[in-house]
Amino acid sequence: MSEHQRQENGREERLILDLLDGRGDEPAALAAPVAPAAPAADAEVESGLLREYVEVLGLLPRALAEVRPRAEVKERILEAIGRGENTVHRPTGSPATTPRAGWSKWLLPLAASIAVATLAVTGWLVIQVQDQRVRIAELSEELGNTRSLTAELAMSQGMLAEVRSRLAMVTAEGAEFCALRPPAGSPASGARGVVVMQAARNEWFLRIEGLEPCPQGRKYSVWFATEDGAVAGPIFAVKAGEAIELTVSGRPDKINAIMITLESEPAPSAPSMEPLLFGDERMQLL
Amino acid sequence: MKGSAESVKGQMQSPEGVLVERTAGGDAEALAELYDRFSGMLLGLAIKILGNPSDAEDVLQEVFVQVWKQASRYQRSRSSVSTWLVLITRSRSIDRLRSRNVKRRTASDAQRENTRFHTSPEGLGNVLMEERHERLAQELADLPDQQRQALEMAYYQGMTQREIAEATGTPLGTVKTRTLLAMRKLRLALEGEIEDLL
């Protein structure tokens, strides 16, 4: 190998290695002037050789399979150069959900329209809910009033039924009355009472007013005086200013008198004190 | 500010050269046509280097934005348009590979990720392109394994001859010789293709 050939080989090696090692947008061998110290003929040869090796580098990727970029890559490039930007921003998120460029100009107005529509619908719904709440409150109040009226009506009906029952008892054939009065020396001097007995229905009705409230641990007791002795009737308590009305089924036969006493609990089998109220005069109205 | 069409050096005769000239004049449609012609090949190259389709797409975008801004710097006397684009893409990809510490992936990983993308039907449908693809693939396959390995490490991984020597445990001189032999064989084998590009 001649010296000239060795020099040519050396230049070729340098060209190739510079091309492969080149950094930046152009390989160093491309950017540098071609062999400045070489004779003109050699420079021409070297320039041609350089160009051929450059094209070899350009041809190498053709051995690879081409890969088609996604459509949005091109759109982003065209958008970027339209905006005069130096870099292209890759949208985050799934490529499948990336909006197309043609849509992007509609996105903001569309979002604003949706927001306004949503606000309007929300406002309308809020007003509707408020109206419904007012209506529900009104209906609740009406329902409360109706329930109160129904309770009062039921109570009135109960009272009316009781009055009718007592009226029926009082007006029934064979009904007897017995007035209860305080005997002389009774501490219940202001109390009065009446007993209505209806022999055919075996029921009797007691009404007393003017008794003092019961002391702690004691209650009033009804006694029927018969030929066999005193028979205990119902016991009851009295609150201040309250009248007592009792409708009772069942009573002993051959009653001579009716008494009211104040007894300790539990009630004894016989009166423990003089009667507070006493009645032994029975009479029929008709 | 875009350069004017007159600032493009050299006379533009190839269709791609005309597109670059129009791009230098601010014609976005010309850039779009360049993209349509070369994006498939350039994305394949970027994926080969980066092993990551997402990063490769980013590089592809950067390349064409750069072309838009610097089309006036293209010199027909130095390279064909396709080679100019390839060298820009390779340089950008290697820069990203190093500066961003992109995780290198195995060939199988890259292949698996490539399934998200589609092989360009336009490219494969073009008989000339397909023939060129097969020719290049065959010429590379015909290279001795060690020569092909040295060339691919330098070209696709941006490794210097010294780095290849260290990585393969081969003397530096041997690596250089393998690389040079590979390039010389390819230059001779691809003489016809190179002639078409000049």
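For the structure, see preceding data.
This is a predicted model, so every value here is computed, not measured.

A. Structural context of the overall build of chain A. Along the backbone of chain A there are 5 helices and 10 strands. In chain A, buried positions account for 21% of the 286 residues.

B. Spatial organisation of the sheet that holds strand β2 (residues 175-180) of chain A. Residue and element names in this part refer to chain A. The strand order β7-β4-β3-β2-β10 describes an open sheet built from 5 strands, whose pairing is antiparallel. Of all strands in the sheet, those with a lone pairing partner are β7 (244-249) and β10 (282-284), marking the two edges. Taken over all neighbouring pairs, the strand axes of this sheet differ in orientation by 20 degrees on average, direction set aside. Pairing geometry for strand β4 (residues 203-209) and β7, over 6 bridges, is antiparallel. Its bridge partner lying in β7, Glu 203 is registered against Ser 249.

C. Representation of the packing of helix α4 (residues 71-83) of chain A against helix α3 (residues 53-70) of chain B within the structure. Direction vectors running N to C along α4 of chain A and α3 of chain B enclose 35 degrees, while the axes themselves pass 10 Å from each other. Crossing of α4 of chain A against α3 of chain B: the hand is right-handed. Contacts between α4 of chain A and α3 of chain B involve Val 73, Arg 76, Ile 77, Ala 80 and Ile 81 of chain A on the former and, on the latter, Glu 57, Leu 60, Gln 61, Phe 64, Val 65 and Trp 68 of chain B. Of the residues contributing to the contact of α4 of chain A with α3 of chain B, the split by class is 8 nonpolar, 1 polar and 2 charged.

D. A look at the sheet that holds strand β6 (residues 229-236) of chain A. Residues and elements named next belong to chain A. The strand order across the open sheet formed by 4 strands is β6-β5-β8-β9, and the pairing between neighbours is antiparallel. Edge positions in the sheet fall to β6 and β9 (277-279), since each has one partner strand and no second. Pairs of neighbouring strands in the sheet enclose a mean axial angle of 20 degrees, with direction left out of account. Note that strand β5 (residues 218-226) and β6 share 6 bridges and pair antiparallel. Counterpart to Phe 224 in the pairing with β6 is Val 231.

Conventions we followed
- Residues numbered from 1 in each chain as written.
- Chains lettered and ligands numbered in written order.
- Predicted model: local features only at pLDDT ≥ 70, side-chain atom pairs only at ≥ 80, totals over all residues.
- Helix = DSSP H or I, 4+ residues; strand = E, 2+ residues; numbered from the N terminus.
- Buried ≥ 20, exposed ≤ 12 C-beta atoms within 10 Å, placed from the backbone.
- Pairing = 2+ DSSP bridges.
- Axes fitted to C-alpha atoms, helices over the stretch in contact; angles between N-to-C directions.
- Left-handed = near helix turned anticlockwise from the far one by under 90°.
- Contact = placed C-beta atoms within 7 Å.
- Nonpolar A, V, L, I, M, F, W, Y, C, P; charged D, E, K, R; others polar.

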